[in-house]
Each structure stands twice: as structure tokens, then as C-alpha cells.
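What follows is each chain in one-letter form.
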Amino acid sequence: MSTMEEQLQLLYTTLYQLRALNNVTLSCAAFLFYDVLINLDKEIHYIWRYYHNTDEIHISWRRRLRRALVQVLFIFGRYYGLLYLIGYFTVYNRQGLSIPLYAVIYVSLACTNGLV
């Protein structure tokens, strides 16, 4: 059985790594959001308002279907990563407790269970 100091050090290391992971997740989400904002004018012109930019009166259903598939794939590829990162951060960071508070909780639980 390991000592209490080793367990606390392991807890501290794990929580430090989780905090670093949360920081990287937030920075990736911020970068993707920034990229979306920068290219939003081009995206609206080429993806969302595509049929308003054409001079054709009648567009065949095959061409519309192909264009709809391209739009769906583009939107999925563009926003899936951002939504995944935001969802990941909100699900895995719902506690939000700090490292010293976790250590206090762990020590108090260990004391009440007679592990100390």
C-alpha cells in the first residue's frame, strides 16, 4: 500500500494534467471560433446563398441534390469540431473544483475512512 503523500502527489499530478487538457481544449475551440468568424463572409456567399448568385432560372434536381450534399458535408466538417470541443469541455469540466480543494476532500475522506 502506498503512503498518503504518494497518493496526494498522484492526485495532484492527475489534476494538473486535467487542467492542462482543459486549457488546450479551450484554446482549440477559441481558434476554431476565430476561424469561423474570419471566413463567415465567404461562407455565406459560397455556401448559404449559392443559388442567389447564379443567373440560371431553372436548376435541375440532380444539381440541387449534389449541391445540397456538398453544403451538408461542408457544414458538418466546419462545425463538428467546434461543437465537439465545446461539448467535451462542458461535460468533462462540470465540477470545476480546484486542486487544493480536491486534496482537502481526499484527505478528509481518507481520515473518515481510517486510511490515515
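Look above for the structure.
Residues numbered from 1 in each chain as written. Predicted model: local features only at pLDDT ≥ 70, side-chain atom pairs only at ≥ 80, totals over all residues. Heavy atoms only, no water.

Asker: Can you walk me through the overall build of the chain in this structure?
Answerer: Along the chain, the regular secondary structure elements total four helices and zero strands. From first element to last, N terminus to C terminus, the chain shows the α and β order α-α-α-α. Within the span of the chain, comprising 116 residues, buried residues form 15% of the whole. The contacts of the chain with a sequence gap of at least 6 include a subset with a gap of at least 24, amounting to 75%. (Helix = DSSP H or I, 4+ residues; strand = E, 2+ residues; numbered from the N terminus. Buried < 20%, exposed > 50% of the residue type's maximum accessible area, 1.4 Å probe, protein only. Contact = heavy atoms within 4.5 Å.)

Asker: Could you clarify how one ought to interpret the packing of aromatic side chains in this entry?
Answerer: One pair of aromatic rings is described through two measures. These are the centre distance and the angle between the planes. Counted according to the given criterion, the structure contains two aromatic pairs. Seen from their ring centres, Tyr80 and Tyr84 are 6.1 Å apart, and the 25° between their planes marks the pair as stacked. Separated by four residues within a single helix, Tyr80 and Tyr84 lie in helix 3 (residues 61-92), roughly one turn from each other. An aromatic cluster of at least three residues, connected via ring pairs, comprises Phe76, Tyr80 and Tyr84. (Phe/Tyr/Trp six-rings, centres within 6.5 Å; stacked < 30°, edge-to-face > 60°.)

Asker: Just checking my understanding: could you explain the pattern of salt bridges for this structure?
Answerer: One side chain can pair with another of opposite charge once the charged atoms of both are near each other. Evaluated as defined, the whole model comprises two salt bridges. Here Asp35 ties to Arg78 by a salt bridge, and the two come within 2.9 Å at their closest N and O atoms. Here the residue Asp35 occupies a position in helix 1 (residues 4-38), and Arg78 occupies one in helix 3, the gap between them amounting to 43 residues. Overall, Asp35 belongs to the partly exposed group, its relative accessible area being 24%. When its relative accessible area of 18% is taken as the criterion, Arg78 is described as buried. For the salt bridge of Arg78 with Glu43, the shortest nitrogen-to-oxygen distance reads 3.3 Å. (Salt bridge = Lys/Arg side-chain N within 4 Å of Asp/Glu carboxyl O.)

Asker: Mind showing me how you'd approach the side chain of Arg67 here?
Answerer: Mapping Arg67 onto the fold places it in helix 3. In this structure Arg67 is buried but unpaired, with Glu43 as the nearest side chain of opposite charge at 10 Å. (Lys, Arg positive; Asp, Glu negative; His and termini not counted.)

Asker: Explanation requested: the packing of helix 2 (residues 40-48) against helix 3 in the structure shown.
Answerer: Think of two packed helices as two axes; the pair is described by the angle between the axes and how far apart they sit. It is the contact of helix 2 with helix 3, at a shortest axis distance of 11 Å, that shows an interaxial angle of 155°. With respect to helix 3, the axis of helix 2 lies roughly antiparallel. Here Leu40, Glu43, Tyr46, Ile47 and Trp48 of helix 2 lie close against helix 3, whose contacting residues are Arg67, Gln71, Phe74, Ile75, Arg78 and Tyr79. Across the contact of helix 2 with helix 3, the residue classes tally to seven nonpolar, one polar and three charged. (Axes fitted to C-alpha atoms, helices over the stretch in contact; angles between N-to-C directions. Parallel < 35°, antiparallel > 145°, perpendicular 65-115°, else oblique. Nonpolar A, V, L, I, M, F, W, Y, C, P; charged D, E, K, R; others polar.)

Asker: I'm lost on the packing of helix 1 against helix 3 in this one. Help?
Answerer: Look at helix 1 against helix 3: their axes get within 9 Å of each other, and the N-to-C directions meet at 150°. In this view, helix 1 runs roughly antiparallel relative to helix 3, as classed from their interaxial angle. The chirality of how helix 1 crosses helix 3 is left-handed. Across the interface between the two elements, Leu21, Asn22, Thr25, Leu26, Cys28, Ala29, Leu32, Phe33, Asp35 and Val36 of helix 1 pack against Arg78, Tyr79, Gly81, Leu82, Leu85, Ile86, Tyr88 and Phe89 of helix 3. A per-class count over the contact of helix 1 with helix 3 returns 13 nonpolar, three polar and two charged. (Left-handed = near helix turned anticlockwise from the far one by under 90°.)

The quantities given are spatial measurements derived from coordinates; they are silent on function.
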